[in-house]
Amino acid sequence: MMKPYYEKTIKHTFIDFMQTSKFLENPLIFNRAEGVYFWDIHGKRYFDGIGGIFVASLGHRHPRIMEAMRKQMELLTFAAPLHGTTDITLEFVKRLGEVSPGNLNYIKSFSGGSESIEAALKLVRQYFKQTGHNDKMKCISNYLSYHGATFAAMSAGGSPRKDKFEPQMPGFVKLYSPKQLRDSFPSWEETCRFCANLLEKTILSENPDTIGAVIVEPICNTAGIITPTVEYFRIIREICDKYNVLLIFDEVLTGFGKTGDMFAAQTFGVTPDIICSGKGLSAGVIPIGSFMVREDIGDVFYSTDKNNVNFAHGHTFSGFPLADAVGIEVINVLEEERLPQRARQMGTYLKARLEELSKYGIIREVRGKGVLLGVEIVEDSVTNKPFPEDNNFGDALKKTSIKNGVILRIDPDWFAIAPPLISTDAQLEELCDLIEKSVKEALDLVTAKH
Ligand code: PLP
């Protein structure tokens, strides 16, 4: 039930990327979650079709994750990373190193995705300074990408959201996302090939001696689950190698099973030099992110002489014992229950069901890998004409999906799903039925407004 002080306290907080007055028209306040469901304060149940926000990939309050955290609570909840480390953190480093691609086995955990990105960007700069390349400090990334909310991560990002915080940090160079150029080429393959090859031209134009890193999301959520080709990543890898540029994969969203492998790097068959993670590693139980760094790069920060090459970066809550205990158990559950493989199976069913929505004449494309799928909506799927901004489909779908009790990630012209990997076949069917009902009703709403 709404408590008398809720309205005032909602006004006194900040709901992410939402106008508070609009939120107050019909505030969504949850007070319980279990498995694939949330309940709100009125007792209404919602299917969590997106794992919170790509986070609760094992469902909410997974018993093994809760137990691992409880066990750690009985032993040690905090030890300052400035004084030393803990046994559980060392176990976490070992365990994540066992499942990371290639030899990305220098590992540190942080409080979330943005912190992992910040740390990776700082590590690149220090790495090059320590290896005699003082000027290799710029980072190249894609327009439309999202790498986090803190200043360097935001500057690496290319989403229009950051306009309010100009000027951005210097040292970030942008590349066109395949999404922006897709209508200029006959096929997606050609678009991706062109965009990947643009990287070389950009590096040469900027001067290769000044470029330290390229950061990409294997699948970009904020641009609408943009899923490049395997070749795109192969070309980018080759160009990075050619110019001694480190390749960072931002797997904050894609990591830990959703794409059909532990990491999307494996799904696309490319090994980056650094992977940043977050979201799924937490199972939605406690905040955690981490980076995984190539062994020989990590070695540059290990020295027996007095030249002080330690990574000059720390956070009070890095290597947080409760979070590391959760991270270990998340990896154990994913591996033991073969959930990445299950994600592939689930993805086949989900994609087919989403593609069936084409019968409504408003689907331009369904894309993604595994359970991480996006549906692009247009007003007319023959001409690909978009819905008008002031009567867009996304706003209508937000209303109908909440009414029908299903949580999705919705933008004006696309929506995404990433249901928990523990969903049963019957639950997947339930989710798809709820989505279809909501899409149909949203279509009625936008058509009625015409
Ligand atoms: N990178 C990507 C691809 C993300 O999707 C996000 C969060 O949505 C971040 C980084 C930032 O992570 P966090 O919100 O945990 O700071």
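This paragraph deals with the pairing of strand β3 (residues 45-48). Looking along a regular strand, one sees the side chains alternate between the two faces of the sheet. Sheet topology note: the strand β2 (residues 37-40)/β3 ladder contains three bridges and is antiparallel. In the strand pairing of β3, tryptophan 39 is matched with arginine 45. In this antiparallel pair of consecutive strands, β2 and β3, the connection spans four residues, and glycine 43 shows a positive phi of 90 degrees. In the sheet, β3 pairs with strand β13 (residues 406-407) via two bridges, with the strands oriented parallel. Its bridge partner being in β13, phenylalanine 47 is matched across the sheet by valine 406.

Moving on: the confidence of the model for the chain. Overall, the predicted model of the chain reaches an average pLDDT of 97, with 100% of residues at or above 70. For the chain, per-element mean pLDDT is lowest for helix α2 (residues 20-23), which scores 93, and highest for strand β8 (residues 246-250), which scores 99.

This part takes up unusual backbone geometry. The step from glutamate 166 to proline 167 runs through a cis peptide bond, and the omega angle for that step is 0 degrees. Among the secondary structure elements, proline 167 is positioned in the loop between α7 (151-156) and β6 (172-175). The phi torsion at isoleucine 225 lies on the positive side, around 55 degrees, for a residue other than glycine. Looking at the element boundaries, isoleucine 225 is found in the loop between β7 (211-216) and α10 (230-242). Its relative accessible area of 0% is what places isoleucine 225 among the buried residues. Although it is not a glycine, asparagine 384 adopts a positive phi angle of roughly 60 degrees. Summarising the element assignment, asparagine 384 is placed in the loop between β12 (372-377) and α15 (393-404).

The rules behind these values
Residues numbered from 1 in each chain as written. Predicted model: local features only at pLDDT ≥ 70, side-chain atom pairs only at ≥ 80, totals over all residues. Heavy atoms only, no water. Pairing = 2+ DSSP bridges. Helix = DSSP H or I, 4+ residues; strand = E, 2+ residues; numbered from the N terminus. pLDDT = per-residue confidence, 0-100. Buried < 20%, exposed > 50% of the residue type's maximum accessible area, 1.4 Å probe, protein only.

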